[in-house]
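# Chains, contacts and geometry: an overview
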Amino acid sequence: MKRLIPCLVASLLATAAAAQTVKIGVINTFTGPQAVFGEMTDRAFKLYYKLHEKELGGVKLEFLSRDDGGPNPDKARQLAQELVVRDRVQLLAGVAFTPNAMAIAPVATEAKIPLILTNAGTSIVTTRSPYIARFSFTIWQSCVPLGEWAAKRFKRAYTLVSDYAPGHDAETAFGQGFKAGGGEIVGAVRMPLQNPDFAPYLQRVKDAKPDALMVFIPAGKTATSVMKTFSDLGLAAAGIKLIGPGDITTDEELPNMGDVALGVLTVHHYSAAATRPQNKAFVGAWKKEYGAASTPNFAAAAAWDAMDAIFQVVKAQKGAIDSERTMELLKAYRNPDSPRGPIAIDPETRDIVQNEYLREVRRVDGQLANVEIETVATAVKDGWKELQKKK
Ligand code: PHB
C-alpha cells in the first residue's frame, strides 16, 4: 500500500500534465508540386502559437504533422486513422485536397473528432461530417462573383479546369455567374489533375478566340506552369484575358512567374498585398519570422485564422477538449479583424463567410503583388449550399 500511493500520485500527476497538452493531428501536403500547402499551414500554425502561447494559461499544443503527398485519399484516410487511434489526437486540422478531406470525413465522424479545414474548397465537403468546420473558402464563393464581374467586361469566355471536384465546382459556379450576367461560355474543357501538359489545351483555347479564359488549377508550382505556357503560346498577345480564382496567382509563386503575370485579374478572399492594418501586421510578423523572401498565401491566412479559433476553443475549455462543445464554439466563431477582413463560420453549414476581392497583379515597390482593387461581394456564403436551399 505504501508503495502504491506514490505510484498512484505519480500517475495522477502524469494524467493532469497530459490533460494540459492538446494534441492536434495535422494532415497536409508537404511533398510534390503542391508542397507549399504543408509549409504555409505549418508556418502559420507555429507562428500564431509562438506569438500567443501565453494566452493559453499553461495549456500546451502539440502538433503531429503528417504528409499525404498530394491528392491521395487512401493515404489521407490511413493517416487520420493512425492519428486518432494510435496518437489519440483531440483535433484534426489542415488538408489541402478535396479528395483527401472526403476520405478523412468518415474517420472524423466515427471518432467524433473535429476536423478544422485550412484548404479543401469543394462545396460538398462539409456535408460529409458534422465534425467539419471550414476556415478556408469554397470555390463557389469566389467563382460566382468572378463570373458576375467578368460578364460586365467580356462577352465570350472559355473555362479550363483541373478534372476533379474543385475544378468541376469552378466550371459550374463561374458559368452560372457569367451566364446570369449575359455572358456566353464558348468552351469548357477539363484537364488531368496530375502533371498536365497545358500546351495542347491552351492551343485549343487560342484557336477558339474567347475574350477571357477562366482557369482553375490547384495553387502551387502548377500555377506558374499555366502562366508561362499561356504567355509562351501567345494567348495574351492574341488579346485573351486570363482570369480565375486566386489560386492561379498564388502570392508565393508571383516571383517565379515574373512579368507574364502582370495584369492577370482574379477574385479571391485573401491577398498578401492587402493594406488592411491587420493584414500588414500578419505579413510583417511572418516576414520577421521566416525572412523577407517568404510571403504568406491564402493557405497561410486560413491556417492563421484556424489557429485563432483553436485558441478560443482551448481557452474556453481550459484544455479539456470536448468534441461537441468544440463544434458549438467553432460554429459561433467570428472575427471582424482577420487579415482577410471580417470572417465568421456559418453555424448552419460550418463554412466560412467572407468577402471576395477583385485583384490585379501589379508591380508594387519592385515586387509583383495581387493588388486588391475592389470588394466585389461582402459576407459571401457558400453559393452551392445557398442554391440547394432554394431548390
Ligand atoms: C482542393 O482540392 O479543394 C483544392 C486544392 C488546391 C486549391 C484549391 C482547392 O488551390
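Described in the following lines is the structure provided in the data block. (Residues numbered from 1 in each chain as written. Predicted model: local features only at pLDDT ≥ 70, side-chain atom pairs only at ≥ 80, totals over all residues. Heavy atoms only, no water.)

## Brief notes about the packing of helix α2 (residues 36–52) against helix α11 (residues 298–316)
Two numbers describe how α2 lies on α11: the axes approach to 8 Å, and their chain directions differ by 40°. One element, α2, and the other, α11, form an angle in the oblique class. Every pair of crossing elements has a handedness; the one defined by α2 and α11 is right-handed. On α11, the residues that touch Phe37, Met40, Thr41, Ala44, Phe45, Leu47, Tyr48, Tyr49, Leu51 and His52 of α2 are Phe298, Ala299, Ala300, Ala303, Trp304, Ala306, Met307, Asp308 and Phe311. Considering only residue class, the contact of α2 with α11 consists of 16 nonpolar, two polar and one charged. (Axes fitted to C-alpha atoms, helices over the stretch in contact; angles between N-to-C directions. Helix = DSSP H or I, 4+ residues; strand = E, 2+ residues; numbered from the N terminus. Parallel < 35°, antiparallel > 145°, perpendicular 65-115°, else oblique. Left-handed = near helix turned anticlockwise from the far one by under 90°. Contact = heavy atoms within 4.5 Å. Nonpolar A, V, L, I, M, F, W, Y, C, P; charged D, E, K, R; others polar.)

## Details of helix α6 (residues 165–180)
In an α-helix, one turn spans 3.6 residues, which is why side chains three or four residues apart end up on the same side. The terminal C-alpha atoms of α6, which comprises 16 residues, lie 22 Å apart, in line with the 22 Å expected from a rise of 1.5 Å per residue. Among the residues making up α6, those that are buried are Pro166, Gly167, Asp169, Ala170, Glu171, Ala173, Phe174, Gly175, Gly177 and Phe178. Next to the buried residues of α6 lie α4 (98–111), α5 (139–153), β6 (156–162), β7 (184–191), β8 (212–216) and β9 (241–245). Looking one or two residues past α6, Gly182 carries a phi angle of roughly 100°, positive in sign. (Expected span 1.5 Å × (residues − 1). Buried < 20%, exposed > 50% of the residue type's maximum accessible area, 1.4 Å probe, protein only.)

## Thoughts on the pairing of β8
For β8, the buried fraction is high: five of the five residues fall into the buried class. Neither face of β8 is exposed, since Ala212, Met214 and Phe216 on one face and Leu213 and Val215 on the opposite face are all buried. Alignment of β6 against β8, held across five bridges, turns out to be parallel. Across the sheet, residue Leu160 finds its bridge partner in β8, namely Val215. The pairing of β8 with β9 spans three bridges and is parallel. Note that in β9 the partner of Leu213 across the bridge is Leu242. (Pairing = 2+ DSSP bridges.)

## What about the site of the ligand?
Taken together, the neighbourhood of the ligand is formed by 15 residues, with Thr98, Gly121, Tyr164, Ala219 and Asp247 sitting nearest. One nitrogen or oxygen atom from the main chain of Gly121 is found 2.8 Å from an oxygen atom belonging to the ligand. In isolation the ligand has 280 Å² of accessible area, and contact with the protein removes 100% of it. In this structure, the shell around the ligand is formed jointly by two domains, domain 1 (4–137 + 276–350) and domain 2 (140–268 + 355–390), each of which donates at least three residues. (Near = heavy atom within 4 Å. Polar contact = N/O pair within 3.5 Å; in protein donor to acceptor, adjacent residues only side chain to side chain. Areas by Shrake-Rupley, 256 points an atom, 1.4 Å probe, with all protein chains shown as cover. Domains from an automatic or database assignment.)

## Describing the environment of Trp304
Mapped onto the secondary structure, Trp304 falls in helix α11. Here Trp304 falls in the buried class, since its relative accessible area comes to 11%. Linking Trp304 and Pro339, residues 35 residues apart in sequence, is a C-alpha distance of 8.8 Å. Ignoring anything within four residues of it in the chain, the contact list for Trp304 reads Ala44, Leu47, Tyr48, Leu51, Phe282 and Pro339.

## Some points on the pattern of salt bridges
One pass over the structure, following the stated rule, counts 21 salt bridges. In this structure, the salt-bridge partner of Glu328 is Lys331, at a minimum N-O distance of 3.6 Å. Here Glu328 pairs with Lys331, and both are found in helix α12 (residues 323–331), just three residues apart, close to one helical turn. (Salt bridge = Lys/Arg side-chain N within 4 Å of Asp/Glu carboxyl O.)

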